[in-house]
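Summary of the model geometry
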Amino acid sequence: AQTVTQSQPEMSVQEAETVTLSCTYDTSESDYYLFWYKQPPSRQMILVIRQEAYKQQNATENRFSVNFQKAAKSFSLKISDSQLGDAAMYFCAYRSPWKLIFGTGTRLQVFP
Amino acid sequence: EAGVAQSPRYKIIEKRQSVAFWCNPISGHATLYWYQQILGQGPKLLIQFQNNGVVDDSQLPKDRFSAERLKGVDSTLKIQPAKLEDSAVYLCASSNTSGPSYEQYFGPGTRLTVT
């Protein structure tokens with residue numbers, strides 16, 4: 001069965017600095033999608049970024065980028081120029097073919 | 001475009017009572033999901049509908065939970081009777097399965113407290 005592990009329950013970063021959130025997963029499949037979701041205190045999940053496993057190029061969305069290491073089954077999220085609005089729970093998720101499996105989340109605090 | 005709507009936002013009940021949650025997905029989205037998110041954990045899929053048919057309900061506690069999506073649009077999740085361990089946020093999501101990555105759009109959730 002597929003599993004997703006986020007080993008950092010909490011992280012903190014200074015405003016304008018860079019932070020990296022870690023995620024590892026376990027699967028025997030070769031084709032899948034990986035996602036990072038953000039869940040602010042209001043609880044509505046928002047998609048931050050997605051990565052297709054067959055694409056070697058790391059996905060980037062503005063200040064958010066990933067480091068996808070398929071062989072190592074690692075999928076980390078880098079947030080550059082952190083802003084106060086980035087404070088939230090971040091969930092890594094694996095999807096194949098339609099079912100999303102989430103990690104336990106990392107709470108990110110951003111300090112001014 | 002309107003997002004996924006859920007109601008109520010909060011519900012407090014006593015154990016052994018029943019409760020129902022409602023979800024209206026994004027217009028045109030054929031796939032609807034119900035997730036349970038216990039405090040401190042990631043969401044766990046309870047049931048997935050494709051139109052009005054069930055695709056996956058393997059993690060739905062069928063002795064007490066039921067869900068329906070009669071006309072392939074909105075959906076209701078029911079718990080009867082509730083247990084203390086059912087206290088959680090219940091998230092509804094929908095997706096347009098014709099999209100390239102089947103992105104799921106989430107509603108605001110219903111926070112259930114069972115006392």
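The structure under discussion appears in the preceding block.
So, a few notes on the structure that sits alongside this text. None of the values given here were measured: they were computed from a predicted structure. (Residues numbered from 1 in each chain as written. Chains lettered and ligands numbered in written order. Predicted model: local features only at pLDDT ≥ 70, side-chain atom pairs only at ≥ 80, totals over all residues. Heavy atoms only, no water.)

**As for the sheet that holds strand 8 (residues 75-79) of chain B**
Residues and elements named next belong to chain B. With respect to topology, four strands assemble into an open sheet ordered 1-3-8-7, the strand pairing being antiparallel. Since the sheet does not close on itself, it has two edges, and those belong to strand 1 (5-7) and strand 7 (65-68), each with one partner. In this sheet, neighbouring strand axes are inclined to one another by 15° on average, regardless of whether the strands run parallel or antiparallel. (Pairing = 2+ DSSP bridges. Helix = DSSP H or I, 4+ residues; strand = E, 2+ residues; numbered from the N terminus. Axes fitted to C-alpha atoms, helices over the stretch in contact; angles between N-to-C directions.)

**Brief notes about the packing of aromatic side chains**
For the structure shown, the criterion picks out 16 aromatic pairs over all chains. A ring pair is formed by Tyr35(B) and Phe106(B), whose centres lie 5.5 Å apart and whose planes are at 40°; its orientation type is tilted. You can see Tyr35(B) sitting in strand 4 (residues 31-37) and its partner Phe106(B) sitting in strand 10 (residues 104-106), a full 71 residues away along the chain. Here Tyr35(B) matches Phe106(B) in class, with each residue buried. In textbook terms, an aromatic cluster arises when at least three aromatic residues are bridged by ring pairs, as seen for Tyr33(A), Phe35(A), Tyr37(A), Phe91(A), Phe102(A), Tyr33(B), Tyr35(B) and Phe106(B). (Phe/Tyr/Trp six-rings, centres within 6.5 Å; stacked < 30°, edge-to-face > 60°. Buried < 20%, exposed > 50% of the residue type's maximum accessible area, 1.4 Å probe, protein only.)

**Section: the state of the cysteines**
Covalent bonding between the sulfur atoms of two cysteines defines a disulfide. Under the defined criterion, the tally for this structure stands at two disulfides over all chains. There is a disulfide in this structure between Cys23(A) and Cys92(A), and the S-S distance comes to 2.0 Å. Disulfide Cys23(A)-Cys92(A): the torsion about the S-S bond is -70°, which places it as left-handed. Of this pair, Cys23(A) sits in the loop between strand 3 (19-21) and strand 4 (24-26) while Cys92(A) sits in strand 10 (residues 88-95), placing them 69 residues apart in sequence. Owing to a relative accessible area of 0%, Cys92(A) belongs among the buried residues under this scheme. Across the disulfide from Cys23(B) sits Cys92(B); the S-S distance is 1.9 Å. On the S-S bond that ties Cys23(B) to Cys92(B), the torsion sits near -70°, and the link is left-handed. Within this pair, whereas Cys23(B) is found in strand 3 (residues 19-24), its partner Cys92(B) is found in strand 9 (residues 88-95), the two being separated by 69 residues in sequence. Residue classification places Cys23(B) among the buried residues on the basis of a relative accessible area of 0%. Residue Cys92(B) is classed as buried on the basis of its relative accessible area, which comes to 0%. (Disulfide = S-S within 2.5 Å.)

**Observations regarding the interface of chain A and chain B**
Contacts between chain A and chain B engage 19 residues on the former and 26 residues on the latter. Approximately 1,800 Å² of surface area, both sides summed, lies buried where chain A meets chain B, with 47% of it carried by carbon and sulfur atoms. Broken down residue by residue, the surface that chain A buries against chain B is led by Arg43(A), Trp98(A) and Lys99(A), which jointly contribute 36%. Inspection of the region where chain A meets chain B yields one salt bridge. Close ionic contact of Arg50(A) with Glu103(B) constitutes a salt bridge, the shortest N to O distance being 2.8 Å. Our enumeration of links across chain A and chain B arrives at four residue pairs in polar contact (both at pLDDT 80 or more). (Contact = heavy atoms within 4.5 Å. Buried area = accessible area lost by both parts, 1.4 Å probe. Salt bridge = Lys/Arg side-chain N within 4 Å of Asp/Glu carboxyl O. Polar contact = N/O pair within 3.5 Å; in protein donor to acceptor, adjacent residues only side chain to side chain.)

**Concerning the nonpolar core**
Residues and elements named next belong to chain A. Counting residues in each nonpolar core, the largest one holds 26 residues, and the members touching the most others are Tyr25, Trp36, Phe75, Leu77 and Tyr90. Among the secondary structure elements, those contributing two or more residues to this core are strand 3, strand 5 (33-39), strand 6 (46-52), strand 8 (64-69), strand 9 (74-79), strand 10 and strand 12 (106-111). The greatest single-element share of this core, amounting to four residues, is contributed by strand 10. The residues touching Leu77, leaving out its near neighbours within four places in the chain, are Val19, Thr20, Leu21, Trp36, Val48, Ile49, Phe64, Ser65, Val66 and Tyr90. (Core = buried A, V, L, I, M, F, W, Y, C linked by side-chain atoms within 4.5 Å.)

**Re unusual backbone geometry**
Glycine aside, residues mostly have negative phi angles, and peptide bonds mostly take the trans form. Cis geometry marks the peptide bond from Ser7(B) to Pro8(B); its omega dihedral reads -10°. Among the structural elements, Pro8(B) can be located in the loop between strand 1 and strand 2 (10-13). Cis geometry is adopted by the peptide bond preceding Pro81(B), which originates at Gln80(B) and carries an omega value of -5°. Turning to its location among the elements, Pro81(B) is positioned in the loop between strand 8 and strand 9. Within the chain, Lys73(A) stands out as a residue other than glycine whose phi angle is a positive 55°. In this structure, Lys73(A) sits in the loop between strand 8 and strand 9.

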